[in-house]
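Structure assessment
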Amino acid sequence: MGMQREPDRYGLMGHPVGHSWSPFIHGLFAKQTGQSLTYKLFDVPPARFRAAALEFFAAGGRGLNITVPHKQAAADLVNRLTARADVAGAVNTIMMDGKNELLGDNTDGAGLLRDLQLNIGCKLQGARILVLGAGGATRGVLAPLLETRPVSLTIANRTPERATELADEFALQGPVVGCGFADLPHEPFDVIVNATSAGLHGESLPLSPGHLAPETVCYDMSYGKGDTSFTRWARDNGSTRAYKGFGMLVEQAAESFSLWRGVRPQTRPVLEALLAV
Ligand code: NDP
């Protein structure tokens, strides 16, 4: 009789994590690819993050996803960073590698790009892109967005200095500028990505309908039942292409799963299952 191997252990660390869809998504990926693993939620406050993550791996855990507010602390914790995590200065995926070292990756940018380009069919090359917000999520997607060669990438933020600082930091990678909402030019963008957490607090953004044309792709990284305040604003002002962040969520998860397991799951059936819940 052979020894029954325990399933490999994965999970998500954040604060809070209670609302997370990640166990559902990784559960479906595992089933689809025939991988034996578990995926659990760990609600860990900032003061305990480092110890909790190290304990997880010391006890044999194989990989973690990291979410708000630990992505930057995770970049400091790991032994090595992938190039894209290094550029982002933030880690959303940790893996124990073959040499017993922790590797930190950031799959958020790739996840957003895959959803925009492959699932939605949005052209980024030559586009005028507006990104709302200058927090961790924006930091993670700037370099991948600039690599697609937009004509311009504007970052607008409630605190304008954070937007200009971020733009300065990424200036060598492409045509990026930062400003406050009030300083935005009154002309339509081709793509608007909402990377603020305003919607989480039920707050709306000081946007003008002039930023929007009917064909503008309006992408909210936030997600939930029904419209978000940003997708509602987009639709109310004539956008026919407003999307929530479920696709990015599933695509960044698929990137993490591929890194951990060496097999790429199909995202479409999982996205469909998520949208049907
Ligand atoms: P951060 O806390 O790092 O940044 C929050 C940003 O939102 C800041 O720019 C902040 O502006 C802005 N903001 C907050 N409240 C308001 C408001 N009332 N009005 C205007 N601006 C506001 O968060 P993250 O960058 O990590 O995450 C942002 C969002 O993206 C979250 O909702 C998160 O869930 C989502 N996300 C989704 C992913 C997905 O896979 N779909 C992946 C990653 C993130 P200021 O600088 O002025 O404080």
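Refer to the preceding data block for the structure.
Values in this document were obtained by computation on a predicted structure and should not be read as measured data.

1. Quick look at the packing of helix H5 (residues 108–119) against helix H9 (residues 246–261)
It is the contact of H5 with H9, at a shortest axis distance of 7 Å, that shows an interaxial angle of 120 degrees. Taken as axis vectors, H5 and H9 run oblique relative to one another. The crossing of H5 and H9 is right-handed. Every residue of H9 that contacts H5 at Asp108, Ala110, Gly111, Leu112, Arg114, Asp115 and Asn119 is listed here: Gly247, Met248, Glu251, Gln252 and Glu255.

2. Re the packing of helix H1 (residues 22–33) against helix H10 (residues 268–276)
Running from amino to carboxyl end, H1 crosses H10 at an angle of 140 degrees, the nearest separation of the two axes being 10 Å. With respect to H10, the axis of H1 lies oblique. Judged by the twist between their axes, the crossing of H1 over H10 is right-handed. Contacts between H1 and H10 involve Phe24, Ile25, Leu28, Phe29 and Gln32 from the first element and Pro269, Val270, Ala273 and Leu274 from the second. When the residues that make up the contact of H1 with H10 are grouped by side-chain class, the tally is eight nonpolar, one polar and no charged.

3. Overview of the pattern of salt bridges
In this structure the tally under the stated criterion is 13 salt bridges. Asp97 is the salt-bridge partner of Arg80, the closest N and O atoms lying 2.6 Å from each other. A residue pair is termed long-range when its members are at least 10 positions apart, and Arg80 in strand S4 (residues 80–81) and Asp97 in the loop between strand S5 (93–96) and strand S6 (102–105) qualify at 17 residues. The salt bridge partner of Asp190 is Arg128, with a shortest N-O separation of 2.9 Å.

4. As for H5
Along its twelve residues, H5 runs 15 Å from first to last C-alpha, staying within 8% of the 16 Å computed at 1.5 Å per residue. Those residues of H5 that fall on the buried side of the exposure criterion are Asp108, Gly109, Ala110, Gly111, Leu112, Leu113, Asp115 and Leu116.

5. Remarks on the sheet that holds strand S3 (residues 63–66)
Sheet strands associate in pairs through backbone hydrogen bonding, adopting either a parallel or an antiparallel arrangement. As summarised here, the arrangement of the six strands in space is S2-S1-S3-S5-S6-S4, forming an open sheet in which the pairing is mixed. The two strands at the open ends of the sheet, each matched to only one other strand, are strand S2 (37–43) and S4. Both S5 and S6 contribute to a ladder of four bridges, which runs antiparallel. For Met95, the partnering residue across the bridge sits in S6 and is Leu103. Strands strand S1 (8–14), S2 and S3 of the sheet are contacted by H1, whose axis makes an angle of about 170 degrees with S2. Where helix H2 (residues 49–58) meets the sheet, its contacts fall on S1, S2, S3, S5 and S6, and the angle it forms with S1 comes to roughly 175 degrees.

Reading guide: rules and limits
Residues numbered from 1 in each chain as written. Predicted model: local features only at pLDDT ≥ 70, side-chain atom pairs only at ≥ 80, totals over all residues. Heavy atoms only, no water. Axes fitted to C-alpha atoms, helices over the stretch in contact; angles between N-to-C directions. Helix = DSSP H or I, 4+ residues; strand = E, 2+ residues; numbered from the N terminus. Parallel < 35°, antiparallel > 145°, perpendicular 65-115°, else oblique. Left-handed = near helix turned anticlockwise from the far one by under 90°. Contact = heavy atoms within 4.5 Å. Nonpolar A, V, L, I, M, F, W, Y, C, P; charged D, E, K, R; others polar. Salt bridge = Lys/Arg side-chain N within 4 Å of Asp/Glu carboxyl O. Expected span 1.5 Å × (residues − 1). Buried < 20%, exposed > 50% of the residue type's maximum accessible area, 1.4 Å probe, protein only. Pairing = 2+ DSSP bridges.

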